[in-house]
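A structural walkthrough
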Amino acid sequence: MRNLRSNLAALLGLGALAGSVHAYATERLVRTPDAFKAAVRVLAPGDAVVLADGVWRDFEMVFVGEGTAAQPITLRAQTPGKVVISGKSNLRIGGRHLVVSGLTFKDGFSPSSEVIAFRQDGKALAFDSRVTDTVIDGFNKPDRGAEDYWVGLYGQNNRFDHNHLQGKLNKGVTLAVVLNSAESQQNHHRIDHNYFGPRPPLGSNGGETIRVGTSPFSRAQSLTVVEDNYFEGCSGEVEIVSNKSGGNIYRRNVFVRSQGALVLRHGDGNLVEDNVFLGGGLAHTGGVRVINTGQTVRDNYFQGLRGDGFTAALVLMNGVPNSPLNRYDQVLDARIEKNVFVDVSAVLFGAGADQERTLAPARSMLSGNVFLGSGDKAVFKAMAPVDGLTFAGNVIDGVAPLAGAPGFEARVIGRETLPDGRIYPDAAVREALGLKAPVKLLTREETGVAWYPKGDQTVAFDSGRILKVRPGRDQLSAAAAKAGAGDIIELAAGDYVQGQVIEVGQPLTFRAGTGAEPLVTFDHMTLFNLVGQGALKLQGLRLSGAKAQDAIGNAVIRVSPGYPPSNYAVELVDTEVSHLGGQAFAVLMGEKSTFADHVTISGSRFADISGAVLDLAGETGGSGLYGAETVDITGSLFARLGGPVLDLQRGGTDESTFGPSVRVKDSAFHDVAPGQPSMRLDGVQVVKLDSNLFERAAPARVTIHVGTPDLSETGNTGAALEIVDQRK
Ligand code: CA
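Residues numbered from 1 in each chain as written. Predicted model: local features only at pLDDT ≥ 70, side-chain atom pairs only at ≥ 80, totals over all residues. Heavy atoms only, no water.

Structurally, the α-helix is built with 3.6 residues per turn, so residues lying three or four positions apart point the same way. Every buried residue of helix 4 (residues 475-482) is listed here: L476, S477, A479 and A480. Buried residues of helix 4, viewed axially, fall in a sector of 160°; they line one side. Facing away from the buried side of helix 4, by more than 90 degrees, are the exposed residues A481 and K482. Buried residues along helix 4 sit in contact with strand 44 (466-469), strand 46 (488-491), strand 47 (495-498), strand 48 (502-504), strand 49 (507-512) and strand 50 (519-522). (Buried < 20%, exposed > 50% of the residue type's maximum accessible area, 1.4 Å probe, protein only. Helix = DSSP H or I, 4+ residues; strand = E, 2+ residues; numbered from the N terminus. Arc of directions from axis to C-beta. Contact = heavy atoms within 4.5 Å.)

Set out below in structure tokens:
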């Protein structure tokens, strides 16, 4: 019977593995979760359970079995890419020699702590198993502060390869190797040829793309190999990769325009070699940060990285005497050899030196590295003594030497530009310096799956059609209901009255037609409500709250948590907002659990407003969550406000984020927030105030809780900046 079925399956084209497995192997095509469960119960080595093409909703899969090396047990899609797992779904794998392939997780989220777990439960782990050719895209929990892993690797000898993971927005590592029991240590996992696509800033710690280990088990050996992966726009937080165990290898990975660094955070004896870091000139793009004992960083390539501080191209941290597991061990016995740095902003020694982190790197060697730049820029920075480091045979061209350190030879180095854009010392110089030939640059097509689009799929403002509307009642909400993502709703001159709240669940622009100055009034406490994947641009409009309902918590634009979750954006261009009376009527209010990628205001006017213009202080906890990555205000006027122009809060002492960042330029504050700061910037990491006027407006108040925020003010009239230092 089995033989017959197998032959039948092969005839039907379902028997991809039929030639390589036991003659009695069975393939079971299943169409329902119950059929799947029944099939799993009777799996024998060499068998396959095949999910029928289609959408599987609210499907929690438990795939367990005992295959053999010669006859693994397979769970696969009938057609790779045509089996979509959606809704509240996940996959748990337990047993031996199991292979999963061809699945797509999207339009849903895991109700548990993982989307794909290499364990059935705390006891039944996966060994010698593999997940391949699988996609997880935007499979985010509705609450961005709720934590999960998309992939949790437990057990030993597992492989996660040729998968595509993109768009994680909620808290938690994208892929975690967990060492929480002896069965999961010395695991020899292999993580290779995956495409790690864009992960935007999380706005707190917990936005790592890969973490290997955790601090409580960081003295254990993991022996995981992470190789030939492509990281594109992995900017969740300061750690793209957080290594927290020993004996791991990171090689031939490519990091493209990813903000953050590969961080050897805990654990000893790790190897980082032949990786390529391409920053493309993007802010906060980093390289490798070294902590602990016996780390080797060799033959890597770094180009166009703009990171500084903890995300410089190379960072050797300062350590803590008798460090607790979760703090910083001293850098000892590091070998930093034959790396090539081209046009990077910073290389730091003794980073993080403070009253706690007092131990400078020691017993370590930097040798044979090449630093290419232009204009003899000061790239090297020492925050602590470097006498514990040996520098030998490093060459620099166009980069200023590290003051007080021998072992850097300045000379003109012949350069060769490869077809892929990398710039290397030419072959003669490479030979003289003992550098290897450039490692082949992995392309993104060599990673992930062939059948799913790679890269950022966000729809840009103004990329769609133009829908013209005439004045009248509820014309805007009617147009919004018909619009598609990226569309522009263009208002003719005249008066618009909204009785309905305008629901915005996709990027939309509302703008004045040429020469028109349309006036919009509204009856309720909100005009625009952004939910899910909503983003809003207003251009050339006049908005008045004169007719709005008088209620506490009014806001012209409200951002509410919704599904599918997304980071939002608001842009106000040449727009006027006035007559927001009553109590604390805000222009924009981001509720808790919402996160703005950016809010920009340019050439706009705000007058006679009882509340804040931008109320982005919904996150009040101490975990470091905050409400907006960047706020940019230029050429705008704020007059007669009851609340601050901006209220933005990032609580706690976490050091994992680059933001929030606030820039205000060429703007005027008149009669703003009597008795309060004109902007409340609590825990904000970057503040730049340039050429503004403060008149009957108190300075912006920045409260510092941790670190060294980048704060500056230039050319302002009136007191612009007040700094309250609450660092311990
Ligand atoms: Ca982190």
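From this point, things continue past the structure.
In the structure shown here, the tally under the stated rule is 48 salt bridges. Across the pair R190 and E227 runs a salt bridge whose closest N-O atoms are separated by 2.7 Å. Highlighted residues: R190 in strand 18 (residues 190-192) and E227 in strand 21 (residues 225-227), separated in sequence by 37 residues. Among the charged side chains, a salt-bridge network with shared partners connects R130, R159, D161, R190, D192, E227, D228, R251 and R252. (Salt bridge = Lys/Arg side-chain N within 4 Å of Asp/Glu carboxyl O.)

Bringing the coordination of the calcium ion into the picture now. Around a metal, the perfect tetrahedron of four donors has angles of 109.5 degrees, and the perfect octahedron of six donors has angles of 90 or 180 degrees. Only N205 (OD1), E208 (OE), E237 (OE), E237 (OE) and E239 (OE) from the protein reach the calcium ion as donors, at distances of 2.3 to 2.6 Å. Along the chain, the residues donating to the calcium ion are arranged with the sequence spacing N-x2-E-x28-E-x1-E. Highlighted residues: E208 in the loop between strand 19 (195-196) and strand 20 (210-212) and E239 in strand 23 (residues 239-244), separated in sequence by 31 residues. For E208, a relative accessible area of 4% translates into the label buried. A relative accessible area of 7% means that E239 is categorised as buried. (Donors = N, O, S within 2.8 Å, 3.2 Å for Na, K, Ca; no water.)

A word on helix 2 (residues 33-41). Regarding helix 2, the residues found buried are F36, A39 and V40. Projected onto a plane normal to the axis of helix 2, the buried residues spread over an arc of 100° and lie on a single side. Set apart from the buried face of helix 2 by more than 90 degrees, the exposed residues are D34 and R41. As for helix 2, its buried residues are in contact with strand 1 (27-30), strand 2 (48-51), strand 4 (60-66) and strand 5 (73-77).

What follows covers the sheet that holds strand 68 (residues 693-698). Pairing is parallel in the open sheet, where 9 strands are placed in the order 45-47-50-53-56-59-62-65-68. At either margin of the open sheet sits one strand with a lone partner, and together these are strand 45 (472-473) and strand 68. Two elements, strand 50 and strand 53 (residues 542-544), share 3 bridges in a ladder whose sense is parallel. By the bridge assignment for strand 53, L519 is matched with R542. Its contacts with the sheet place helix 4 against strand 45, strand 47 and strand 50, and it is angled at close to 75° to strand 47. (Pairing = 2+ DSSP bridges. Axes fitted to C-alpha atoms, helices over the stretch in contact; angles between N-to-C directions.)

This part takes up the packing of aromatic side chains. Under the defined criterion, the tally for this structure stands at 25 aromatic pairs. A ring pair is formed by F638 and F669, whose centres lie 5.4 Å apart and whose planes are at 70°; its orientation type is edge-to-face. Residue F638 is located in strand 62 (residues 637-641), and its partner F669 is located in strand 65 (residues 668-677); the two are separated by 31 residues in the primary sequence. On the accessibility criterion, F669 (0% relative accessible area) is buried. Each member of the aromatic cluster is reached from another via a ring pair, and the members are F196, F231, F255, F277, F302, F341, F349, F371, F380, F391 and F408. The lysine or arginine in question, R265, covers the ring of Y328, its NZ or CZ lying 3.7 Å from the ring centre. The ring of Y301 carries R422 above its face, with NZ or CZ at 5.9 Å from the centroid. (Phe/Tyr/Trp six-rings, centres within 6.5 Å; stacked < 30°, edge-to-face > 60°. Lys NZ or Arg CZ within 6 Å of the ring centre and 35° of its normal.)

Evaluated as defined, the whole model comprises 7 cavities of 30 Å³ or more. Its volume calculated, the largest cavity comes out at about 140 Å³. Every residue lining the largest cavity is counted, 18 residues in all, and those nearest its centre are G532, P565, S566, S593 and T594. Split into classes, the residues belonging to the lining of the largest cavity amount to 9 nonpolar, 8 polar and 1 charged. Summarising the domain contributions, the lining of the largest cavity has at least three residues from each of domain 1 (24-225) and domain 3 (500-725). Counted as a void, the second largest cavity has a volume near 90 Å³. Lining the second largest cavity are D274, D299, N300, K338, V340, Y424, L435, K436, A437, P438 and V439. In terms of residue class, the lining of the second largest cavity is built from 6 nonpolar, 1 polar and 4 charged. (1 Å grid on protein atoms, 1.4 Å probe; cavity = no way out; pocket = protein on both sides within 12 Å on 5 of 7 lines; lining within 4 Å. Points joined across faces, edges and corners; volume = space filled by probe spheres on them. Nonpolar A, V, L, I, M, F, W, Y, C, P; charged D, E, K, R; others polar. Domains from an automatic or database assignment.)

This next bit is on the pairing of strand 57 (residues 586-590). Most of strand 57 is tucked away, with 5 of its 5 residues classed as buried. When strand 54 (residues 555-559) meets strand 57, the two strands line up parallel, connected through 4 bridges. Its bridge partner lying in strand 57, V559 is registered against G590.

Within the secondary structure layout, S258 lies in the loop between strand 25 (254-256) and strand 26 (260-266). Given the relative accessible area of 4%, S258 is considered buried. Side-chain polar atoms of S258 contact the backbone nitrogen of C234, separated by 3.0 Å. Setting aside anything within four residues of it in sequence, one finds S258 in contact with F231, E232, G233, C234, S235, I240, H284, T285 and G286. (Polar contact = N/O pair within 3.5 Å; in protein donor to acceptor, adjacent residues only side chain to side chain.)

Before going further, it helps to spend a moment on the side chain of S477. Along the chain, the position of S477 falls in helix 4. At a separation of 3.0 Å, a polar atom in the side chain of S477 contacts the side chain of Q498. Setting aside its immediate chain neighbours within four residues, S477 contacts Q498, Q500, V501 and I502.

Put simply, Y563 and P564 share a cis peptide bond, and its omega is -5°. Examined against the element boundaries, P564 turns out to sit in the loop between strand 54 and strand 55 (568-573). Even without glycine at this site, Q186 takes up a positive phi of about 45°. Tracing the sequence through the fold places Q186 in the loop between strand 17 (175-177) and strand 18.

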